[in-house]
Amino acid sequence: MNRHAHLGALLALLLAVSLLPTVAGAAPSGNACLTRNLNQTNKLLACVNADDVLVHMEAWQAIADANGGTRASGTPGYDASADYVADLLEAAGYTVERQVFDFSLFTENSSSLVADGTPIETQAFAFSGSGTVLGGNVIPVDLDLGLGNASTSGCEPADFVGLDWSGPDDIALIQRGACFFSDKALNAQAAGAEAVIIFNQGNTADPGRQDIIGGTLGEGVVGVLTIPVLDTSYSDGLVVLGATTVDLSADTTIVTSTTENVIGDLPGVNPDNVVMAGAHLDSVAAGPGINDNGSGSGALLAIALALGNNTKYTPQNTLRFAWWGAEESGLIGSEQYVFNPDFGLTQEEYDALALYLNFDMVGSPNFIYGVYDADESTFPAPVFIPPGSAELEDLFEAFYSANNIPYEDSEFSGRSDYQAFIDVGIPASGLFTGAEGVKTEEQQAIWGGTAGDQYDPCYHLACDTIDNPSTEALDVNVDAIAYAIFNLAASTEAINGVPGTSLPGRGPDDVVLDGPQGTFLSGGGSHIDHGQASE
């Protein structure tokens, strides 16, 4: 069946189960929202809620159910998800661009790690090569063990000098920290290692630096790196370090596939000042990805339709919404949008782009409310923070403060689709409710939920279904996102100096910020396996 025939059958299925909204039905808050004069923020917020988001999440669940349980880029489930978004945007009057691009699709078929006969939990880094080493000779590379370490293990070719890599089964044991995983792996291969194990850095204050990493080497190693690269936790890395014999294997497949970004523009009075917001649309291969990232994608779509379907609303600034492909393969869709020579940003488009807002996991079941910490009040950022980003952070914090909702800082790390934008100096911000990290007792006292459990226990698993996300978090964050977008649609003067229009009523500048109430979350609004970061 060709793609168009497949789409027709799928849309018929969705209509049959009443999951595909019509233009009017896309706003469950009521048909009055279609003609409401959206001249105040609270009028928009009354027209978007968790039910609007769930309509789209349920549709993506149905799409996944009809396509092998996944919506990963390069699969029919993703193609149908992109069609779903594009069709609704076009019906709401958006100018839609579909940016098709090739990318490398990585699959881990199997992996294993055994130290002195004891199996060790492991997995292959995304874009690892295949191979088997039996009775391997483990060679530690410039390790820095213990609490508070500042590991730079394997970041420089000099780290491998003076070590004997002449054997046929040498395994480089490398610690996380300071540079890209790909740098560490390529340096090891160049030195003569037959395999690499990268174990976590080890920091009791941050579970993300203790457990199995779940990392990616990035698409850039394809065709260059040929040896297997496995990862494991800090504690298991110490087991490997003390082992006499180590066996490992990785069976991986890398194929070229095709996917797309969906971009929708709602023209404003000022076409030369563009407010942009985005969320990745793809899931991992293991599941339907309804929180990661149906939550961010659904919230954006609900807001875009509420604005586009309204017959009386024209923004002052042009609005641009993006649904990214291949984020789970290494932030590829957003990088393509910025840098692809065939359709990437022109100088004119770059000059017009005032800012970028990113929404990746905004409905985690064991949630906190995190805002990217652009002012570095809690977390020193490992990336450049463009001017204007701190003012965007304040905008989200104004929403939470005005509504007496506690929030906290989330490290401005660049580990989601805002990375490409900050790389070229575009101000950025976003929200995050947590992924594989573990909720603390302090966070439980503030937001409820369960201390000691992951923010999302179904992160990157098949159980990330429609039953996974928190309706409470969705209800709060769709309003937080709508609040920011609507205010920026009126004026970005605080961000880039471009005058706009003022909205009546109490604005963000009238709010006294009363947080962050918690400062316990690291990770930067994304997941540690997105992109290549290992600092």
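Preceding block: the structure.
Residues numbered from 1 in each chain as written. Predicted model: local features only at pLDDT ≥ 70, side-chain atom pairs only at ≥ 80, totals over all residues. Heavy atoms only, no water.

**Student:** Give a detailed account of the overall build of the chain, specifying residues and quantitative values.
**Tutor:** Each helix and strand in the chain was counted, giving 14 helices and 15 strands. Against the compact-globule benchmark of 24 Å for 535 residues, the chain has a radius of gyration of 23 Å, which places it among compact chains. Seen along its three principal axes, the alpha-carbon backbone of the chain occupies a region of about 75 × 55 × 45 Å. The buried share among the 535 residues of the chain stands at 59%. Restricting the contact set of the chain to residue pairs at least 6 apart, pairs at least 24 apart contribute 81%. A total accessible area of about 18900 Å² is found for the chain, and carbon and sulfur atoms account for 51% of it. On the chain, the mean spot of the 13 positive side-chain charges and the mean spot of the 70 negative ones are 11 Å from each other. (Helix = DSSP H or I, 4+ residues; strand = E, 2+ residues; numbered from the N terminus. Rg over C-alpha atoms; globule rule 2.2 N^0.38 Å. Buried < 20%, exposed > 50% of the residue type's maximum accessible area, 1.4 Å probe, protein only. Contact = heavy atoms within 4.5 Å. Areas by Shrake-Rupley, 256 points an atom, 1.4 Å probe, with all protein chains shown as cover. Lys, Arg positive; Asp, Glu negative; His and termini not counted. Charge placed at Lys NZ, Arg CZ, Asp CG, Glu CD.)

**Student:** Explain the nonpolar core to me, and be specific about the residues and the numbers.
**Tutor:** By size, the foremost hydrophobic cluster in this structure holds 77 residues, and its most contacted members are Leu307, Phe321, Trp323, Leu357, Tyr400 and Ile485. Examining the composition of this core, we find that 13 residues originate from one element, helix H13 (residues 471–490), more than from any other. In this structure, Phe321 is in contact with Tyr94, Val262, Ile263, Gly264, Ala277, Leu300, Ala304, Leu307 and Ile485, ignoring residues within four places of it in sequence. Within the second largest apolar cluster, 40 residues are counted, among which are Phe181, Ala185, Val221 and Leu248. (Core = buried A, V, L, I, M, F, W, Y, C linked by side-chain atoms within 4.5 Å.)

**Student:** If you had to explain helix H5 (residues 181–191) to someone new, which residues and values would you point to?
**Tutor:** Three or more residues of H5 are buried, namely Phe181, Ser182, Lys184, Ala185, Asn187 and Ala188. If you follow the buried residues of H5, they end up packed against strand S5 (170–175), strand S6 (195–199) and strand S7 (229–232). In the stretch just after H5, Gly192 is the one whose phi turns positive, near 120°.

**Student:** Any chance you could break down the pattern of salt bridges for me, citing the residues and the numbers?
**Tutor:** Using the criterion set out here, one finds three salt bridges in the structure. Asp83 is paired through a salt bridge with Arg98; the nearest N and O atoms lie 2.5 Å apart. Of the two residues, Asp83 is situated in helix H4 (residues 76–91) and Arg98 in strand S1 (residues 95–115); the sequence distance between them amounts to 15 residues. Using a relative accessible area of 5% as the deciding quantity, one classes Asp83 as buried. For Arg98, a relative accessible area of 32% gives the class partly exposed. Linking Glu260 and Arg98 is a salt bridge whose minimum nitrogen-to-oxygen distance equals 2.8 Å. Of this pair, Glu260 sits in strand S8 (residues 246–266) while Arg98 is found in strand S1, placing the two residues 162 residues apart along the sequence. With relative accessibility at 3%, the residue Glu260 sits in the buried group. (Salt bridge = Lys/Arg side-chain N within 4 Å of Asp/Glu carboxyl O.)

**Student:** Describe the packing of aromatic side chains, naming the residues involved and giving the relevant values.
**Tutor:** For the structure on display, the rule yields 22 aromatic pairs. Each ring, one from Phe160 and one from Trp165, has its centre 5.8 Å from the other, and the planes form 45°; the classification is tilted. For Phe160, a relative accessible area of 4% corresponds to the buried category. A relative accessible area of 9% places Trp165 in the buried class. Counting every residue linked through ring pairs, the aromatic cluster contains Phe367, Tyr369, Phe399, Tyr400, Tyr407 and Tyr483. (Phe/Tyr/Trp six-rings, centres within 6.5 Å; stacked < 30°, edge-to-face > 60°.)

**Student:** Which residues make up the packing of helix H3 (residues 50–65) against helix H7 (residues 294–308), and what values do they have?
**Tutor:** Contact geometry for H3 and H7: axes closest at 8 Å, N-to-C directions at 125°. Viewed along their axes, H3 and H7 adopt a mutual orientation that is oblique. When you trace H3 past H7, the crossing you get is right-handed. Together, Asp52, Val53, His56, Met57 and Trp60 of H3 and Gly294, Ser295, Ser297, Gly298, Ala299, Leu301, Ala302 and Leu305 of H7 make up the contact between the two elements. Partitioned by chemical class, the residues of the contact of H3 with H7 number seven nonpolar, five polar and one charged. (Axes fitted to C-alpha atoms, helices over the stretch in contact; angles between N-to-C directions. Parallel < 35°, antiparallel > 145°, perpendicular 65-115°, else oblique. Left-handed = near helix turned anticlockwise from the far one by under 90°. Nonpolar A, V, L, I, M, F, W, Y, C, P; charged D, E, K, R; others polar.)

**Student:** Describe a negative patch on the surface, and please don't skip the residues or the numbers.
**Tutor:** On the surface, a cluster of negative charge is made up of Glu97, Asp272, Glu348, Glu349 and Asp351. If you trace the backbone, Glu97 turns up in strand S1. (Patch = residues over 30% accessible without salt bridge, like charges linked within 9 Å, V, L, I, M, F, W, Y side chains within 5 Å.)

**Student:** Can you break down the pairing of S8 residue by residue, with the values?
**Tutor:** With 20 bridges connecting them, S1 and S8 associate as antiparallel partners. Paired with Leu113 across the strands is Leu248, a residue of S8. For S8 and strand S10 (residues 317–324), the ladder comprises five bridges, and the chain directions are antiparallel. Along S10, the bridge assignment pairs Val262 with Trp323. (Pairing = 2+ DSSP bridges.)

**Student:** Before we move on, could you go through H3 and cite the residues and values that matter?
**Tutor:** Given a rise of 1.5 Å per residue, 16 residues ought to cover 22 Å, and the 22 Å separating the end C-alpha atoms of H3 matches this to within 8%. Most of H3 sits inside the fold, with 13 of its 16 residues counted as buried. For H3, the N-terminal capping position is held by Asn49, with its side-chain oxygen 2.9 Å away from the main-chain nitrogen of Asp51. (Expected span 1.5 Å × (residues − 1). Polar contact = N/O pair within 3.5 Å; in protein donor to acceptor, adjacent residues only side chain to side chain.)

**Student:** Please set out the side chain of Asp417 residue by residue, giving values where relevant.
**Tutor:** Residue placement: Asp417 occurs in the loop between strand S13 (408–410) and helix H11 (419–423). Buried charge Asp417 goes without a salt bridge, the closest partner of opposite sign being Arg71 at 12 Å. When residues no more than four places from it in sequence are discounted, the contact partners of Asp417 are His280, Trp324, Glu327, Leu331, Ser334, Tyr356 and Asn358.

**Student:** Describe unusual backbone geometry, and please don't skip the residues or the numbers.
**Tutor:** Most peptide bonds adopt trans geometry, and most residues besides glycine take a negative phi value. A cis amide bond links Asp292 with the next residue in sequence, Asn293, at an omega value of 10°. Assignment of secondary structure puts Asn293 in the loop between strand S9 (270–280) and H7. The amide bond that connects Gly515 to the next residue, Pro516, takes the cis arrangement and shows omega of 5°. Relative to the helices and strands, Pro516 is located in the loop between helix H14 (493–496) and strand S15 (518–521). With phi around 50°, Asp116 is a residue other than glycine that occupies positive phi space. Mapped onto the elements of the fold, Asp116 is located in the loop between S1 and strand S2 (118–119). A positive phi angle is found at Met361, which is not glycine, with a value near 70°.

**Student:** Got a sec to walk through the pairing of S9? Specific residues and values, please.
**Tutor:** Taken across its eleven residues, S9 has nine buried, putting it largely inside the fold. Across eight bridges, S9 lies against S10 in parallel orientation. Each bridged residue has a counterpart across the sheet, and for Ala279 the counterpart in S10 is Trp323. Alignment of S9 against strand S11 (residues 353–359), held across five bridges, turns out to be parallel. Paired with Val275 across the bridge in S11 is Leu355.

Treat this as a map of the structure, not an account of what it does.
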